[in-house]
Amino acid sequence: MSEPLVIVGNGMAAAKLAEELSKTALGRYAIAVIGAEPRLAYNRVLLSSVLAGEVASHDIELKPASWWRDHGVTLKYNTLVTEIDLGRRELKIENEESVSFSKLVLATGSMPLRLNVPGSELAGVHTFRDSRDADLLLTLAAKRKRVVVVGGGLLGLEAAYGLARAGSPVTLLHLMDRLMERQLDQSAAALLKSLVERKGVEVVLNANTVRIHGNTAVEAVELAGGRMIEAEAVIFAAGIRPNVALAKDAGISINRGIVVDDQMQTGEPGIYALGECAEHRGVCYGLVEPAYEQARVLARHLAGQEAGYQGSVVATNLKVSGVGVFSAGDFVGADGGEAIVLNDAKRGVYKKLVIAEGRLAGAVLSGETQDALWYLDLIRTRQPVAAIRTEMMFGRAPAAPKAA
Ligand SMILES: Cc1cc2nc3c(=O)[nH]c(=O)nc-3n(C[C@H](O)[C@H](O)[C@H](O)COP(=O)(O)OP(=O)(O)OC[C@H]3O[C@@H](n4cnc5c(N)ncnc54)[C@H](O)[C@@H]3O)c2cc1C
């Protein structure tokens, strides 16, 4: 008889794990996926494109209903899991039913953070995490509501761009002195700012939001220093926090995320976590590629094969049409790497490659990103680059003859 394996969360990590298990461990497990969202797992990354009107919300499902049916996966969506009973190896779900498991995988993702400032509970304050949020933001934009987006990281930029494109006047506030400061250096961030402004987004740097004003609904945002910015809606895009409550209440070891080992196993035998809710070697990832790598490892482990997750080299790709921005690896050169820089302000192109110990350690590209995946591959595979050192800045094609 198949062993009952339950996955909590019907997001991107859960869908990838189900797909990988269907390849590696077909028939070994009776798989059930229980998720709080009221629809089939979808590509969350594409919500930005939904907001920008580039793709329809119903076109972003990761797999059709028939896939789940044909692979024998029991799906319960619109269903919140409220408790894990470790002793009875049971889950409690919203309508008081319980579901037994032999193995359990937590794939509960993250929740968006709201700034703890007065007024953050007012009507008109929102976040951008799921497809219901995207629908709501589209409604705001259709009414031409004046929106302030708080947070100049990838998510905030994509929200601001999407809203502006959909018709809202948008101001983007960022606490730091440059956009995407964790992914971009000063020059690339300055170029990005000018490109985003050209898309109709007003950008305010060094902007410390101290209060949201309004009686019952948002009317303005106040910055430290007293500047007031009129707003009918505020979108917080100021970070995420792993969803760990279920694990924590059950006594499973957590830190910032749910602590897992190289097999994605928590401190409890047979209970695993992956994706944004998991913390591996002190790192909680906020991107989809690490979640997919973890899913491949976990599926092999659950199939009884040798497998270990070693951590991921992450890359960031901004999805703002006509604004190419990419960053990966150690682009600062923190460990004494040397930087090769190309800065063509007139063409709006900036590239920085960091080389350490004869290998590409990191890259930042702004304005021109067609070679991003090639650079990422060089970083991940740690190939020696001495032979292509001079040409690699100009892309894969010029470097190819010597690389061969
Ligand atoms: C607008 C946007 C753009 C993004 N762009 C990029 C990008 O360009 N590149 C990139 O790499 N990443 C991007 N991301 C991040 C990426 O979407 C996440 O890293 C990825 O979705 C993580 O997958 P996950 O399965 O861990 O979490 P999620 O996809 O968030 O899935 C978790 C699921 O668990 C459910 N859940 C939580 N608790 C419970 C419970 N108790 N019971 C039942 N269900 C529960 C949630 O409702 C959710 O559906 C973006 C995210 C957003 C919001």
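Calculation notes
Residues numbered from 1 in each chain as written. Predicted model: local features only at pLDDT ≥ 70, side-chain atom pairs only at ≥ 80, totals over all residues. Heavy atoms only, no water. Helix = DSSP H or I, 4+ residues; strand = E, 2+ residues; numbered from the N terminus. Rg over C-alpha atoms; globule rule 2.2 N^0.38 Å. Buried < 20%, exposed > 50% of the residue type's maximum accessible area, 1.4 Å probe, protein only. Contact = heavy atoms within 4.5 Å. Pairing = 2+ DSSP bridges. Axes fitted to C-alpha atoms, helices over the stretch in contact; angles between N-to-C directions. Expected span 1.5 Å × (residues − 1). Polar contact = N/O pair within 3.5 Å; in protein donor to acceptor, adjacent residues only side chain to side chain. Disulfide = S-S within 2.5 Å.

Draft legend 1. Expanded view of the overall build of the chain. On a plain count of helices and strands, the chain comes out with 10 helices and 25 strands. Taking 22 Å as the expected radius of gyration for a compact globule of 404 residues, we find that the chain reaches 23 Å, a close match to that expectation. The dimensions of the chain, computed from C-alpha atoms along their principal axes, are 65 × 65 × 35 Å. Every one of the 404 residues in the chain was classed for burial, and the buried ones make up 50%. Sequence separation of 24 or more characterises 60% of the internal contacts of the chain that already satisfy a separation of 6 or more.

Draft legend 2. Quick look at the sheet that holds strand β11 (residues 170-173). If you trace the five strands from one edge of the open sheet to the other, you get β9-β16-β10-β11-β12, paired in parallel fashion. In this open sheet, the two edge strands, each paired with only one partner strand, are β9 (125-127) and β12 (201-204). Strand-to-strand twist across the sheet, computed as the mean angle between neighbouring axes with direction ignored, equals 25°. With four bridges connecting them, strand β10 (residues 147-150) and β11 associate as parallel partners. Each residue of the ladder has a partner; that of V149, found in β11, is L172. Packed onto the sheet, helix α5 (residues 154-165) meets β10, β11, β12 and β16 (233-236) and runs at close to 170° relative to β11.

Draft legend 3. Representation of helix α8 (residues 288-302) within the structure. Its 15 residues place the ends of α8 21 Å apart at the C-alpha level, agreeing with the 21 Å of an ideal helix rising 1.5 Å per residue. Of all the residues in α8, the buried ones are P290, A291, Y292, Q294, A295, V297, L298, A299 and L302. Contacts from the buried residues of α8 go to β1 (3-8), α1 (12-24), β2 (29-34), β7 (103-106) and β19 (271-273). G304, located one to two residues past α8, shows a positive phi value of around 85°.

Draft legend 4. Focus on helix α4 (residues 131-142). The end-to-end C-alpha distance of α4, which contains 12 residues, comes to 16 Å, matching closely the 16 Å that a straight helix rising 1.5 Å per residue would cover. Taken residue by residue, α4 has S131, D133, A134, L137, L140 and A141 as its buried positions. Of the surrounding secondary structure, the elements contacted by the buried residues of α4 are α2 (47-51), β9, α5 and β16. The backbone nitrogen of R132 has a side-chain oxygen 3.1 Å away, supplied by the residue at the start of α4, namely D130. Once α4 finishes, R144 follows within two positions and takes phi at roughly 60°, a positive value.

Draft legend 5. Spatial organisation of the state of the cysteines. Enumeration according to the criterion identifies zero disulfides in this entry. Just so you know, C277 is unpaired, no disulfide at all, and the nearest cysteine sulfur is the one on C284, 8.9 Å from it. Classification of C284 by relative accessible area gives partly exposed; the value is 23%.

Draft legend 6. Structural view of the environment of V244. In this fold, V244 is placed in the loop between β17 (240-242) and α7 (245-250). Here V244 falls in the buried class, since its relative accessible area comes to 13%. As a C-alpha pair, V244 and L5 span 239 residues in sequence and 20 Å in three-dimensional space. Leave out the neighbours within four places in its chain, and V244 touches I254, R256, G257, I258 and C277.

Draft legend 7. The arrangement of the sheet that holds strand β25 (residues 359-366) in detail. Overall, antiparallel pairing links the five strands, which are arranged β21-β22-β25-β24-β23 in an open sheet. A single partner strand is all that each edge strand has here, and the edge strands are β21 (315-317) and β23 (338-344). The mean angle between the axes of side-by-side strands here comes to 10°, regardless of whether they run parallel or antiparallel. Here β21 pairs with strand β22 (residues 325-329) via three bridges, running antiparallel. Each bridged residue has a counterpart across the sheet, and for A315 the counterpart in β22 is A328.

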